[in-house]
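The primary structure of each chain is shown beneath.
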Amino acid sequence: MKNEPLLIQIPVPNGNYEVCVTIKAHEDTVFSLLSQSRRFMAQNVEIKKNSEMDITFIANVCDVHKRDAEYQNVENVSIYIMCDGDITATAAVSPITVPTIYIAGDSTVTDQPAEYPYNPLSTYCGWGQMFPQFLKNGIAVSNHAQSGSTTQDFKDINWTAFKDKIKEGDYLIVEFGHNDQKVDVLDAHGGYADNLRYYVNFAREHGATPILCSPINRIIFQEDGTLLNLLGEYRNAVKSVAEEMNVAFIDLWTRTTEYFEAAGPVKSWGFFWGNGTDRDYTHTNDIGGNLIARFVAQEMIKQNVPIAGFIKKDMLYIEPVFADEGDKPDNAEELTHIKTIGLVNIPASELANLDNDIDKI
């Protein structure tokens, strides 16, 4: 997309809203529809010249409180239409009472912004902002994940914007690990696990359903084609707490490890941020965020999590990707860099962290 998205804003108080967007096309084109802080509601929809299309979705309007920032009141339904073609659009909103999926997490989950001209390969994306498009109307998504956040940061700060809004029938999805791993008191089976228990207990006390996710894996390849295991113990801690407390467990560490090891060190980069010269091994782009959101939805269906009834099952196909013969890892700079940083909560025998956390977006 070459231009800034078309923006429609409608002032409303916090809450859930049914939104109907009417799009009129003046030429054949393709559009994507987003809401709030770049949450995808519909992606790559074709529309013909001189035709009109209505798209209805559920938007959640909720205040936010980010680390290193003041509490922010959110006072609009915001609708963004990404399209290179000539279109016009109108929108109408009405309050609706539906369950809300609240999401707590870090940069791999958060609503990331985009730069324009738009390029899905070089646009950071958390899976939480891709997830809404896979849901039928009747449930809302409120994503409060933040780059650089730990389970403790989130509990102390981000949590304040919505913890009093969680109610019976809602859901709380929790995914952390990448930043907890850098803090000595948040070791996998210590402070990290204790914070996971806190979120589970809080959700249940308010009649909501907790869901725990293991962190996605980083794509740091070793010479044998396997991914360097920097987060496996945090995955194990999530699984342990989920079993202990009888909570649904979405094992994104395993799903991402299996998928990217099959894809190999060359093709895996297509799912992570890159601009042609620099690249990222932790943070997905829009293509990777879309992929991982599908992993989440598939796992919810497999485990019969109540949200499964709202998932558009016909949208979840994932095409397997396999490495070509001879694909080799090219992590020389990254492997040199991680040796200089170190993480406090991984075995001394392991290489350390090479994250460039994007804390300010």
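The preceding data block contains the structure.
A quick note: this is a predicted structure, and the numbers were derived from the prediction, not measured.

Let's talk about the overall build of the protein
A tally of helices and strands in the protein yields 7 helices and 14 strands. Rg of the C-alpha trace for the protein: 20 Å, near the compact-globule value of 21 Å for 361 residues, within the 12% margin. Based on the C-alpha atoms only, the size of the protein along its principal axes is roughly 60 × 50 × 40 Å. Sorting the 361 residues of the protein into buried and exposed places 57% on the buried side. Sequence-distant contacts in the protein: of pairs separated by 6 or more residues, those separated by 24 or more amount to 76%. Working note: accessible area of the protein is about 15,100 Å², and carbon and sulfur atoms make up 48% of it. Mean positive and mean negative side-chain charge positions of the protein (29 and 51 charges, respectively) differ by 4 Å.

Brief notes about the side chain of Thr 22
Tracing the chain through its elements places Thr 22 in strand E2 (residues 15–25). Accessibility expressed as a relative area gives 16% for Thr 22, which makes it buried. Within the local environment of Thr 22, its side chain forms a polar contact with the side chain of Asp 54, the two groups lying 2.6 Å apart. If sequence neighbours within four positions are ignored, Thr 22 has contacts with Glu 52, Met 53, Asp 54, Thr 88, Ala 89 and Thr 90.

Topic: the packing of helix H5 (residues 252–267) against helix H6 (residues 286–302)
In the contact formed by H5 and H6, the axes pass within 10 Å of each other and the chain directions differ by 125°. Classed by the angle they form, the pair H5 and H6 counts as oblique. In this structure, H5 crosses over H6, and the sense of that crossing is right-handed. Mapping the contact onto sequence places Leu 252, Arg 255, Thr 256, Tyr 259 and Phe 260 in H5 and Leu 291, Ile 292, Phe 295, Val 296, Gln 298, Glu 299 and Lys 302 in H6. Among the residues making up the contact of H5 with H6, the classes are represented as 7 nonpolar, 2 polar and 3 charged.

Observations regarding the packing of helix H3 (residues 188–205) against helix H4 (residues 232–245)
At a minimum axis distance of 10 Å, the contact between H3 and H4 shows a crossing angle of 40°. The angle between the axes of H3 and H4 places the two elements in the oblique class. The way H3 lies across H4 gives a crossing that is right-handed. For the pair formed by H3 and H4, the contact residues are Ala 188, His 189, Tyr 192, Ala 193, Leu 196, Arg 197, Val 200, Asn 201 and Arg 204 on the first element and Glu 233, Tyr 234, Asn 236, Ala 237, Val 238, Val 241, Glu 244 and Met 245 on the second. Class assignment for the residues of the contact of H3 with H4 results in 10 nonpolar, 3 polar and 4 charged.

Some words on the pattern of salt bridges
Applying the stated rule across the entire model yields 12 salt bridges. In this structure, the salt-bridge partner of Arg 39 is Asp 111, at a minimum N-O distance of 2.7 Å. Residue Arg 39 is located in strand E4 (residues 39–47), and its partner Asp 111 is located in the loop between strand E8 (100–105) and helix H1 (127–130); the two are separated by 72 residues in the primary sequence. A salt bridge links Asp 194 to Arg 197, with the nearest nitrogen and oxygen atoms 2.8 Å apart. Of the two residues, Asp 194 and Arg 197 are both situated in helix H3; the distance of 3 residues between them amounts to about one turn of the helix. For Asp 194, a relative accessible area of 45% gives the class partly exposed.

A few points about the nonpolar core
Membership of the largest hydrophobic core comes to 48 residues, with the highest contact counts inside it found for Ile 101, Trp 127, Phe 131, Leu 252, Met 300 and Ile 307. Every element with two or more residues in this core is listed here: E8, H1, strand E10 (171–175), strand E11 (209–213), H5 and H6. Broken down by element, the residue count for this core peaks at 7 residues, all from H6. Other than its neighbours up to four places away in sequence, Ile 101 contacts Phe 131, Leu 135, Ile 139, Ala 140, Val 141, Ser 142, Tyr 171, Ile 173 and Ile 307.

Remarks on a negative patch on the surface
Where like charges cluster on the molecular surface, the negative patch consists of Glu 27, Asp 28, Glu 46 and Asp 86. With respect to the helices, strands and loops of the structure, Glu 27 is situated in the loop between E2 and strand E3 (29–35). Judged by its relative accessible area of 34%, Glu 27 falls in the partly exposed class.

Concerning the layout of surface pockets
Size it by volume and the largest pocket reaches roughly 710 Å³. Taken together, 37 residues line the largest pocket, and the ones lying closest to its centre are Gln 36, Ser 37, Arg 38, Tyr 80 and Asp 111. Elements with a contribution of two residues or more to the lining of the largest pocket: strand E1 (6–11), strand E5 (52–61), strand E6 (76–83) and strand E9 (140–143). Top contributing element to the lining of the largest pocket by residue count: E6, with 4 residues.

The rules behind these values
Per chain, residue numbering runs from 1 following the sequence as it is written. Only residues with pLDDT of 70 or above have their local features reported here, since the model is predicted, and side-chain atom pairs are shown and tallied only from 80 upward, although totals for entire chains, interfaces and linings are computed over all residues. As a rule here, side-chain values come from all non-hydrogen atoms in the structure, and water together with hydrogens is ignored. Think of it this way: any DSSP run of H or I at least four residues long counts as a helix, any run of E at least two long counts as a strand, and we number them from the N terminus. C-alpha atoms define the radius of gyration, and 2.2 Å times the number of residues to the power 0.38 defines the globule rule. A simple rule labels every residue: compare its accessible area, found with a 1.4 Å probe on the protein chains alone, to the largest value its type can have, and call it buried under 20%, exposed over 50%, or partly exposed in between. Any two residues having at least one pair of non-hydrogen atoms within 4.5 Å are treated as being in contact. Only the protein chains shown count as cover for residues, with accessible areas throughout obtained via the Shrake-Rupley method and a probe of 1.4 Å. Positive residues here are Lys and Arg, negative ones are Asp and Glu, while His and the chain termini are left out of the count. To locate a charge, take NZ of a lysine, CZ of an arginine, CG of an aspartate or CD of a glutamate. For the purposes of these results, a polar contact is taken to be a pair of N or O atoms within 3.5 Å, where, inside protein, one atom must be able to donate a hydrogen and its partner to accept one; residues adjacent in sequence count only when each atom of the pair is a side-chain atom. Under this scheme, a helix contributes an axis fitted over its contacting stretch, all axes are lines through C-alpha atoms, and angles between N-to-C directions fall in the 0 to 180 degree range. Reported orientations rely on four angle classes, namely roughly parallel under 35 degrees, roughly antiparallel over 145, roughly perpendicular from 65 to 115, and oblique for the rest. In this scheme the crossing of two helices becomes right-handed for a clockwise turn of the near helix relative to the far one and left-handed for an anticlockwise turn of less than a right angle. Throughout, the ten residues Ala, Val, Leu, Ile, Met, Phe, Trp, Tyr, Cys and Pro are labelled nonpolar, Asp, Glu, Lys and Arg are labelled charged, and all others, Gly among them, are labelled polar. Salt bridge criterion: a side-chain nitrogen from Lys or Arg within 4 Å of a carboxyl oxygen from Asp or Glu. What makes a nonpolar core is a set of buried Ala, Val, Leu, Ile, Met, Phe, Trp, Tyr and Cys residues whose side-chain atoms join them at distances within 4.5 Å. Like charges within 9 Å and nonpolar side chains (Val, Leu, Ile, Met, Phe, Trp, Tyr) within 5 Å are joined into patches, using only residues over 30% in relative accessible area that form no salt bridge. Here a cavity is any set of points on a 1 Å grid over the protein atoms alone where a 1.4 Å probe fits but cannot get out, and a pocket is any open set with protein on both sides within 12 Å along at least 5 of 7 lines; a residue lines the site when it has an atom within 4 Å of a point. Grid points are joined across faces, edges and corners, and a volume is the space filled by probe spheres set on the points.

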